[in-house]
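Architecture at a glance
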There are 2 protein chains.
Amino acid sequence: MEQSPTSHLKLLALPLFQGITQQELHQLAAHARFHFQKLNSGITFIKEGEACKDLFFLLQGRVEITTSSANHSFMVKEWLETPSVIQPERLLGLSPWFPSTYTTQENSSILSIDKESILSFIEHSFIFRINFMNILSTRIQKMERQQWRPISDSLREKIIRFFEQHVYNIGGKKIFFIKMITLAKEMNVKRIKVSNVLNELQSEHLLKLERGRIIIPALEKLIQKAQI
Amino acid sequence: MEQSPTSHLKLLALPLFQGITQQELHQLAAHARFHFQKLNSGITFIKEGEACKDLFFLLQGRVEITTSSANHSFMVKEWLETPSVIQPERLLGLSPWFPSTYTTQENSSILSIDKESILSFIEHSFIFRINFMNILSTRIQKMERQQWRPISDSLREKIIRFFEQHVYNIGGKKIFFIKMITLAKEMNVKRIKVSNVLNELQSEHLLKLERGRIIIPALEKLIQKAQI
């Protein structure tokens with residue numbers, strides 16, 4: 001049973017809990033509100049725009065993340081590995097709401113811990129505090145590095161960078177629901193040029209083109225191949 | 001004298017210390033290592049790539065920030081208001097070093113507080129802890145929002161967004177050391193098109209073109225004007 005008293009020990013496999021002992025986790029958990037949910041496949045448990053009042057952890061199963069561009073001209077789907085934590089950078093700050101929709105893809109176990117309990121972990125555990133702040137700081141540092149990378153002349157690299165900039169995690173399968181004409185507009189080139197590059201990448205088995213969508217089986221391989 | 005026992009009270013004007021009382025600051029400071037420096041104009045006190053072992057605060061004076069693109073194809077200068085804190089998101093994380101160079105522009109007072117003391121503030125002050133994590137979270141949220149904004153058709157907006165994406169603070173004067181041909185390459189258009197837009201913005205007094213550089217007196221006005 002996922003609701004068993006030991007299921008939360010899966011948290012220890014997460015970077016957020018790295019270095020925390022089983023004993024320390026028990027101590028932290030004693031004063032915290034843990035809420036376990038068993039969800040069937042196809043259940044949306046977080047909607048884009050919803051307030052982030054809890055930290056959600058996927059302990060078992062599979063979850064799909066859907067994110068749309070601000071004007072809904074394109075949409076991206078990716079999937080959460082288990083165990084995972086969902087967007088710890090949305091618990092605080094000026095925009096404490098979820099920018100994506102989260103839906104189970106199989107029967108899944110979700111643990112949620114309310115904001116107050118997380119703040120208490122941060123207060124009482126040195127390791128948790130450092131882990132949490134490291135995760136936030138690293139995310140900023142990666143985004144800043146991305147912003148300061150100059151644009152390449154190669155359309156191939158530009159398209160791959162577009163993919164890279166519109167996912168939450170680099171690793172794994174991604175589906176971009178985007179028309180070639182929209183992608184061409186983002187790249188500021190003619191549609192035929194985007195089409196040529198995408199077909200080239202398809203012939204290298206790095207992605208698959210379907211009507212209105214681009215399926216990337218492993219984004220990290222695509223990035224590695226382009227050496228960006 | 002800046003080294004006076006009360007000069008650190010200027011910290012209370014910073015978002016990082018918002019809500020902290022004078023009394024609480026005294027308590028925190030009692031166990032912290034505060035290092036005050038009076039620097040003449042023209043002194044570089046942080047170099048790009050240097051390890052971030054302290055949090056630096058500008059208490060008095062004026063400081064220039066210089067940041068270069070990864071391949072040094074362009075460079076940006078901006079200036080710090082007083083009081084300011086310098087890049088709290090670089091104290092931790094995977095890349096704890098400064099991405100920019102900081103040089104005094106007049107006689108300045110700089111306070112530095114070592115990482116250990118900052119971690120102790122985070123541990124002992126609820127307000128400081130929340131402020132610090134709010135600042136990191138908000139920065140991520142803003143960058144994410146920027147990434148998901150679709151590209152506009154207008155080259156004018158694209159150029160302004162390029163400026164916006166390559167500064168640390170939106171407000172105030174910025175100088176971009178960039179050749180028109182480099183900017184044209186970033187925009188993926190012909191040099192003449194970039195030149196036309198920049199001259200248009202110059203005629204609206206939103207920027208000034210000089211050889212190899214673009215001077216923007218107030219970036220926030222330029223952004224507001226473009227309504228992006």
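Predicted model, so just to flag it, every value in this text is computed and none were measured.

What follows deals with unusual backbone geometry. Across the junction of Thr82(A) and Pro83(A), the peptide omega takes the value -10 degrees, indicating a cis bond. Within the secondary structure, Pro83(A) is located in the loop between strand E5 (75-80) and strand E6 (84-85). If you check the backbone angles, His72(B) has positive phi at about 60 degrees while not being a glycine. Here His72(B) lies in the loop between strand E4 (63-68) and strand E5 (75-80). A relative accessible area of 56% means that His72(B) is categorised as exposed. Residues other than glycine seldom take positive phi values, yet Gln87(B) does so here, at roughly 45 degrees. Examined against the element boundaries, Gln87(B) turns out to sit in the loop between strand E6 (84-85) and strand E7 (101-104). Look at Gln87(B) and you get buried, because its relative accessible area is 2%.

Moving on, we get to the relation of the copies chain A and chain B. With an RMSD of 0.0 Å, the fit of chain A onto chain B corresponds to turning through 180 degrees and sliding 0.0 Å along the axis. Between the two chains, the operation in question is that of a two-fold axis. In this assembly, 100% of the residues forming the interface of chain A have copies in chain B that are likewise at the interface, indicating an isologous arrangement.

Here the focus is the pairing of E4(B). All names here are of chain B. When you tally the buried positions in E4, you get six out of six residues, the bulk of the element. By the alternation rule, side chains of E4 split into Val-63, Ile-65 and Thr-67 and Glu-64, Thr-66 and Ser-68, which are all buried. In textbook terms, the turn of a hairpin is the stretch between consecutive antiparallel strands, and for E4 and E5 this stretch comprises six residues, one of which, His-72, has a positive phi near 60 degrees.

Residue and element names in this part refer to chain A. Tracing the backbone shows Phe-126 in helix H3 (residues 126-148). Overall, Phe-126 belongs to the partly exposed group, its relative accessible area being 48%. Separated by 106 residues in the primary sequence, Phe-126 and Ile-20 place their C-alpha atoms 9.4 Å from one another.

On the surface, Lys190(A), Lys193(A), Lys190(B) and Lys193(B) cluster together into a patch of positive charge. In this fold, Lys193(A) is placed in helix H6 (residues 191-203). On the basis of relative accessibility, which here comes to 49%, the residue Lys193(A) falls in the partly exposed class.

Reading the values: rules and limits
- Every chain is numbered independently, its residues counted from 1 as its sequence is written.
- Each chain takes a letter, starting from A, and each ligand takes a number, starting from 1, following the order in which they are written.
- Totals for whole chains, interfaces and linings use every residue, but because this is a predicted model, local features are given only for residues with pLDDT of at least 70 and side-chain atom pairs only at 80 or more, for both listing and counting.
- Hydrogens and water molecules were not included; the side-chain quantities draw on all heavy atoms of the structure.
- Counting from the N terminus, the helices are DSSP H or I runs at least four residues long and the strands are E runs at least two residues long.
- Exposure classes here rest on a 1.4 Å probe applied to the protein chains alone. A residue is buried below 20% of its type maximum, exposed above 50%, and partly exposed in between.
- Copies overlap after least-squares fitting; the atoms used are the C-alpha atoms of residues with pLDDT of at least 70 in both.
- Only heavy atoms matter for contacts: two residues are in contact if any of them lie within 4.5 Å across the pair.
- Any two strands with at least two DSSP-identified bridges between them are counted as paired.
- Exposure above 30% relative accessible area and no salt bridge define the residues that can form patches, which grow by joining like charges within 9 Å and nonpolar side chains of Val, Leu, Ile, Met, Phe, Trp and Tyr within 5 Å.
- Calculation of accessible area relied on Shrake-Rupley with a 1.4 Å probe; when residues are assessed, cover is drawn exclusively from the protein chains displayed.
- Any Lys or Arg side-chain nitrogen located within 4 Å of an Asp or Glu carboxyl oxygen qualifies as a salt bridge.
- Charged-residue counts in this description rest on Lys and Arg as positive and Asp and Glu as negative, His and the chain ends being excluded.
- Working definition for charges: the position is that of NZ of Lys, CZ of Arg, CG of Asp or CD of Glu.

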